[in-house]
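This is what each chain is made of:
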Amino acid sequence: MSDLKPGLVAELTHVVKDEDSAERWGSGLVPVFSTPALVGLMEATAVHALAGQLLAGQTTVGGHIDVRHLAATPIGMNVRSRAELVAVEGRKLVFKVQAWDEAELIGEADHDRFIIDEAKFIARVSAKKKQE
């Protein structure tokens, strides 16, 4: 197991595009940054915080996200996401994530990721196909 400690932080910036919109995702009928796209950005930011921190052969998978989408963001605006590792509980990694557009805080989340052995995970998932 890697020697992860709380305090790891990462930030990502993303320009909201048409493909990020609620209309495109089917999560609404308006041309604004969708909740599914916000969740994806938040998860990507947590993954980015772990870059270079895991042992060879390890990766993480998302297990839980409790997100609050607080404000709408128009197409074309920048969104900045910040993820901080706040707890390590064995294989479980707990993140606090926030996102802002150019005007205000637009989202907050509690996000859990789990450290896995990538090869074992892929083998187990691939075995599902063979059961068909």
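For the structure, check the block above.
The structure presented is a predicted model; accordingly, all values stated were derived computationally and were not measured.

Caption draft 1: Representation of the overall build of the protein within the structure. Within the protein one finds three helices and five strands. Projected onto its principal axes, the C-alpha coordinates of the protein cover approximately 40 × 40 × 20 Å. Considering the protein as a whole, with its 132 residues, one finds that 33% of them fall into the buried category. Taking as baseline every contact in the protein between residues at least 6 positions apart, the subset at least 24 positions apart corresponds to 66%. Roughly 7500 Å² of accessible area belongs to the protein as shown, and the carbon and sulfur atoms make up 53% of that amount. Here the protein carries 15 positive and 19 negative side-chain charges, and the mean point of each set is 9 Å from the other.

Caption draft 2: Molecular detail of the nonpolar core. Phe33, Val79, Leu93, Phe95 and Ile106 are the most contacted members of the largest nonpolar core, which has 22 residues in total. With six residues, the top contributor of residues to this core is helix α2 (residues 35-49). Residue contacts for Phe33: discarding those within four places in its chain leaves His14, Val16, Asp20, Leu38, Leu41, His69, Thr73, Val79 and Ile106.

Caption draft 3: Geometry of the pairing of strand β5 (residues 105-117). Bridge count for strand β2 (residues 58-69) against β5 is 11 bridges, and the pairing is antiparallel. Pairing of His69 across the sheet is with Gly107, part of β5. Alignment of strand β4 (residues 92-101) against β5, held across nine bridges, turns out to be antiparallel. The partner of Phe95 across the bridge, within β5, is His111. Here β4 hands over to β5 after three residues, the two strands then running antiparallel side by side.

Caption draft 4: A look at the packing of aromatic side chains. According to the stated counting rule, one finds zero aromatic pairs in the structure shown. The ring of Trp25 carries the charged tip of Arg24 above its face, separated from the ring centre by 5.0 Å. The side chain of Arg80 reaches across the aromatic face of Trp100, ending 4.3 Å from its centre.

Caption draft 5: Quick look at α2. The end-to-end C-alpha distance of α2 is 21 Å, a good match for the 21 Å that 15 residues give at a rise of 1.5 Å each. Those residues of α2 not exposed but buried are Ala37, Leu38, Val39, Leu41, Met42, Thr45, Ala46 and Ala49. Residue Ser34 occupies the N-cap position of α2, its side-chain oxygen lying 3.1 Å from the main-chain nitrogen of Ala37.

Caption draft 6: How the structure looks around the pattern of salt bridges. The tally for this structure, following the rule as stated, stands at 10 salt bridges. For Asp66, the salt bridge goes to Arg68, with nearest N and O atoms at 3.7 Å. A relative accessible area of 31% means that Arg68 is categorised as partly exposed. Residues Glu108 and Arg68 are paired through a salt bridge, measuring 3.8 Å at the closest nitrogen-oxygen approach. Taken as a pair, Glu108 in strand β5 and Arg68 in strand β2 lie far apart in primary sequence, 40 residues in all. Under the relative-accessibility criterion, Glu108 is labelled partly exposed at 26%. In the salt-bridge network here, residues are joined through shared partners; they are Glu11, Arg80, Arg82 and Glu84.

Cut-offs applied
- Sequence order sets the numbering: in each chain, residues are counted from 1 along the sequence as written.
- The model is predicted, so local features are restricted to residues of pLDDT at least 70 and side-chain atom pairs to those at 80 or more, both for listing and for counting; the totals for chains, interfaces and linings are taken over all residues.
- Hydrogen atoms and water are omitted, and side-chain values are computed over all heavy atoms in the structure.
- Secondary structure elements follow DSSP: runs of H or I no shorter than four residues count as helices, runs of E no shorter than two count as strands, and numbering proceeds from the N terminus.
- Relative accessibility thresholds used throughout: buried, under 20% of the residue-type maximum; exposed, over 50%; partly exposed, between the two (1.4 Å probe, protein chains only).
- Every residue pair with non-hydrogen atoms within 4.5 Å of one another is taken to be in contact.
- Only the protein chains shown count as covering a residue, and every accessible area follows the Shrake-Rupley method with a 1.4 Å probe.
- His is not counted, nor are the chain ends, whereas Lys and Arg count as positive and Asp and Glu as negative.
- For the purpose of locating charges, the reference atoms are NZ of Lys, CZ of Arg, CG of Asp and CD of Glu.
- Among the buried residues, those of types Ala, Val, Leu, Ile, Met, Phe, Trp, Tyr and Cys that are joined through side-chain atoms within 4.5 Å form a nonpolar core.
- Any two strands with at least two DSSP bridges between them are considered paired.
- Each aromatic pair joins two rings of Phe, Tyr and Trp (for Trp, the six-membered one) with centres within 6.5 Å, and gets the label stacked for planes under 30 degrees apart, edge-to-face for over 60, and tilted for any other angle.
- The rule for a charge over a ring is simple: NZ of Lys or CZ of Arg within 6 Å of the ring centre, and within 35 degrees of the ring normal.
- Multiplying one less than the number of residues by 1.5 Å gives the expected span of a helix.
- Side-chain atoms alone can form a polar contact between residues adjacent in sequence; in general such a contact is a pair of N or O atoms within 3.5 Å, and within protein one must be able to donate a hydrogen while the other accepts it.
- The rule for a salt bridge is simple: a side-chain nitrogen of Lys or Arg has to be within 4 Å of a carboxyl oxygen of Asp or Glu.

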